[in-house]
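If you want the building blocks of each chain, they are given just below.
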Amino acid sequence: MREYWTSLASLLGVFAFCQTILQAVFPPELRFASAKLFNRIFHCFSSYCYFDITEIDGVNTNELYNAVQLYLSSSVSITGNRLSLTRAVNSSGFTFGLANNDSIVDTFNGVNVLWEHVVTQRQAQTFSWRPLPDEKRGFTLRIKKKDKSLVLNSYLDYIMEKASDIRRKNQDRLLYTNSRGGSLDSRGHPWESVPFKHPSTFDTLAMDPQKKKEIMEDLQDFANGQSFYHKTGRAWKRGYLLYGPPGTGKSSMIAAMANYLGYDIYDLELTEVHNNSELRKLLMKTSSKSIIVIEDIDCSINLTNRNNISNTSVSASRSYYDSELRGGGGGCGEEGGNTITLSGLLNFTDGLWSCCGSERIFVFTTNHIEKLDPALLRSGRMDMHIFMSYCSFPALKILLKNYLGCEECELEESTLKQLEEVVKVARMTPADISEVLIKNRRKKENAVEELLETLKVRADMNEKSGVDMRGENGVEEEEEQEKRALDSESPKEESETEENCKEEEEEVKVKTLHPDMVGDMVGEPAGMLVNTWVHMARERLVIS
C-alpha cells in the first residue's frame with residue numbers, strides 16, 4: 001500500500017513539472033488560441049448547438065431570462081428533483097424554478113431541447129454606477145442543429161407568450177375607477193385601483209348551465225382569437241350587454257368573466273367625465289386584457305332613444321335660451337358641465353380610438369333596455385346580448401348547493417317537484433332567494449321549507465295582482481319580446497331619426513337668428529323676453 005502512494009506522488013510530481021514547462025514554453029495567448037481551436041473542431045463534429053441567455057445583458061436586465069424562468073416553472077414544478085421556490089411582489093402564487101446548475105428537458109412540437117441553469121461567481125468588479133450581483137446567472141439552451149430554425153422562429157415567441165400568461169395569472173387582479181372630476185393621481189394616471197377580490201365564478205353563478213356554457217365558450221374564443229381578428233381586419237375587442245331586472249346577477253356576471261379570463265376591470269363612471277375628449281383619454285390609459293364596464297348606462301347620463309328627441313326639442317330650446325339669459329354658455333350643464341354625447345360614446349366603443357389597444361371587452365348593464373338608443377346596441381358595439389332573468393329551477397339548484405351544500409339527490413323528490421313548479425311563477429330574483437337561504441344556512445331543512453313557503457307566497461301575490469305568468473317558456477318569451485322590440489328599430493328608421501334631429505337643430509339655429517319667431521317655439525312670454533333682451537343689446541350698441 002505504501003508503494004502505491006509513493007507511485008501516485010511521483011506521478012503527480014511529473015504532471016506538475018510538465019505543467020510548469022508548458023506555462024514557461026507556451027505563452028497564455030497561445031494556450032487560449034489552442035483551446036479556441038479545439039472548441040471549434042469539437043463543435044464542427046458535434047450535432048448540437050448552444051445558446052446562452054444571461055440574466056443581465058450589459059447593464060440592462062434581460063427580459064428573455066425572466067420569461068424562460070417563468071416558463072420553466074410550469075413544468076419544473078412537476079418533473080424537477082431540486083427546485084427553487086419564489087414569490088414575487090403583488091403575486092398570489094408561488095413560482096418554481098431550476099436550482100443552481102440543474103437541467104431539464106423540454107419538448108416543443110416533437111423536438112426535445114435541454115435547459116441548464118448556470119450559476120457562477122462573478123470576478124472582482126471595477127467601479128460601476130450600477131453594482132452587479134455577486135453571482136452570474138443564466139440559462140444555456142442546447143438543441144440539435146437541424147432544429148435551429150424551428151426553435152429560433154417559434155419556440156422563443158411561445159416562451160414569451162406563455163410567461164406573460166403565467167405572470168398575469170400570478171398577479172393580483174385590479175379594479176380601476178376613474179378619478180373624481182378627471183383629476184390625476186400621484187403618478188399622473190386618471191385611474192385609481194384597488195385589489196380585485198370578488199369570489200364570483202361561473203361555477204357559483206346562479207344561471208342556466210347551457211347559457212353559462214355559451215358565454216364561457218364565447219369568452220374563450222375571444223381570448224384565443226388574436227390571429228382571427230387580425231386576419232379579418234377587426235379590432236380585437238368584444239361588447240356584452242347585460243340587461244334584466246335588478247338583483248339578477250349582472251355585477252356577479254362581470255366578476256365571473258374577469259376571474260375566468262384573468263382580466264382587470266375598469267369601472268367607468270360617466271358622471272365624472274366632462275367631455276368626449278376626456279373619455280378618449282381614459283380609454284387610452286386602459287391596459288390590454290381588461291374589461292371596461294359601464295353599469296346602469298341608462299341612469300348614468302342622458303343617452304336615451306333618439307326617437308324621443310322630437311318630444312323634447314321644445315324643452316331643450318327653452319333651456320338653451322334660459323342659459324343665455326343667465327349669462328352662461330350653452331355647452332355646459334348645471335351639474336359639473338358634463339357634455340358627453342352619444343356620438344362620443346359610440347366612438348369610445350366602436351370608433352378609431354377603440355383600436356388603441358387590444359384584447360378589451362366592453363360590458364354595459366341596464367335594467368331597462370328599451371331606454372337605450374338602437375345605435376348603441378347594434379352588432380360591433382354590443383356583440384352579445386345576455387338577458388339576466390328571474391331565478392329558474394336550474395339556477396335555484398346552484399343556489400342551494402352554494403349556500404346550503406345541498407345536492408339534488410339529498411332533497412326529497414316531492415320537495416324538488418314543488419320547487420320546480422312554484423319557482424316558475426314566483427318570479428323572484430337570485431338575490432331575493434339568496435337572502436332567504438343566508439338567514440337559515442346552518443339549518444338546511446328549515447331553509448328549504450322557508451324558501452318553499454316564500455316562493456308560494458310570491459306566486460299567490462303574482463296571481464292576485466294579475467302578473468303575466470308564462471309557464472316554462474316564460475323567460476324565453478320575455479327575452480324574445482325584448483329582442484323584437486330592438487329589431488323593430490331598423491337602420492332606415494335610425495337614419496330618418498338622425499335626419500329629423502339635424503332638421504330640428506337647423507330650426508333652432510334659424511330661430512336663434514330671428515328672435516321674432518321664438519314665440520311660436522317656446523311660448524309667447526319667453527319670446528317677448530328674448531325680443532326685449534335683443535332690443536336692449538341693439539340699443540347699447542347704438543349708444544356705444
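The following paragraphs examine the structure supplied in this document. (Residues numbered from 1 in each chain as written. Predicted model: local features only at pLDDT ≥ 70, side-chain atom pairs only at ≥ 80, totals over all residues. Heavy atoms only, no water.)

Sheets are built from strands paired through backbone hydrogen bonds, the pairs being either parallel or antiparallel. If you trace the four strands from one edge of the open sheet to the other, you get 1-8-7-6, paired in antiparallel fashion. The open sheet terminates on both sides in strands that have one partner only, identified here as strand 1 (48–54) and strand 6 (103–108). Averaged over all pairs of adjacent strands, the angle between strand axes in this sheet comes to 25°, irrespective of strand direction. Bridging between strand 7 (residues 111–121) and strand 8 (residues 135–144) involves eight bridges; their strand directions are antiparallel. (Pairing = 2+ DSSP bridges. Helix = DSSP H or I, 4+ residues; strand = E, 2+ residues; numbered from the N terminus. Axes fitted to C-alpha atoms, helices over the stretch in contact; angles between N-to-C directions.)

Let us look at the packing of aromatic side chains. Scanning all chains against the criterion turns up 15 aromatic pairs. Seen from their ring centres, Y71 and Y158 are 5.9 Å apart, and the 80° between their planes marks the pair as edge-to-face. With Y71 in helix 3 (residues 63–79) and Y158 in helix 4 (residues 148–170), this pair connects stretches of sequence that are 87 residues apart. An angle of 35° between the planes, with centres 5.3 Å apart, marks the rings of F108 and Y158 as tilted. (Phe/Tyr/Trp six-rings, centres within 6.5 Å; stacked < 30°, edge-to-face > 60°.)

Taken together, seven strands build an open sheet; the order of strands is 10-9-12-13-14-11-15 and the sheet is mixed. In the strand order of this sheet, the two ends are held by strand 10 (191–195) and strand 15 (384–387), each with one partner. Strand-to-strand twist of the sheet, defined as the mean angle between neighbouring strand axes without regard to direction, takes the value 20°. One ladder, built from seven bridges, connects strand 11 (residues 237–243) with strand 14 (residues 360–366); its direction is parallel. Its bridge partner lying in strand 14, G239 is registered against F362. Packed on one face of the sheet, helix 7 (residues 250–261) meets strand 11, strand 12 (264–267), strand 13 (290–294) and strand 14 and runs near 165° to strand 14. (Contact = heavy atoms within 4.5 Å.)

Among the structural elements, E278 can be located in helix 8 (residues 276–284). Using a relative accessible area of 17% as the deciding quantity, one classes E278 as buried. (Buried < 20%, exposed > 50% of the residue type's maximum accessible area, 1.4 Å probe, protein only.)

Helix length check: helix 4 (23 residues) gives 32 Å between terminal C-alpha atoms against 33 Å at 1.5 Å per residue, within 8%. Of all the bends in helix 4, the greatest measures close to 35° and is centred on S154. Those residues of helix 4 that fall on the buried side of the exposure criterion are V151, Y155, L156, I159, A163, I166, R168 and N170. (Expected span 1.5 Å × (residues − 1). Bend = angle between axes of the 7 residues up to and from the residue.)

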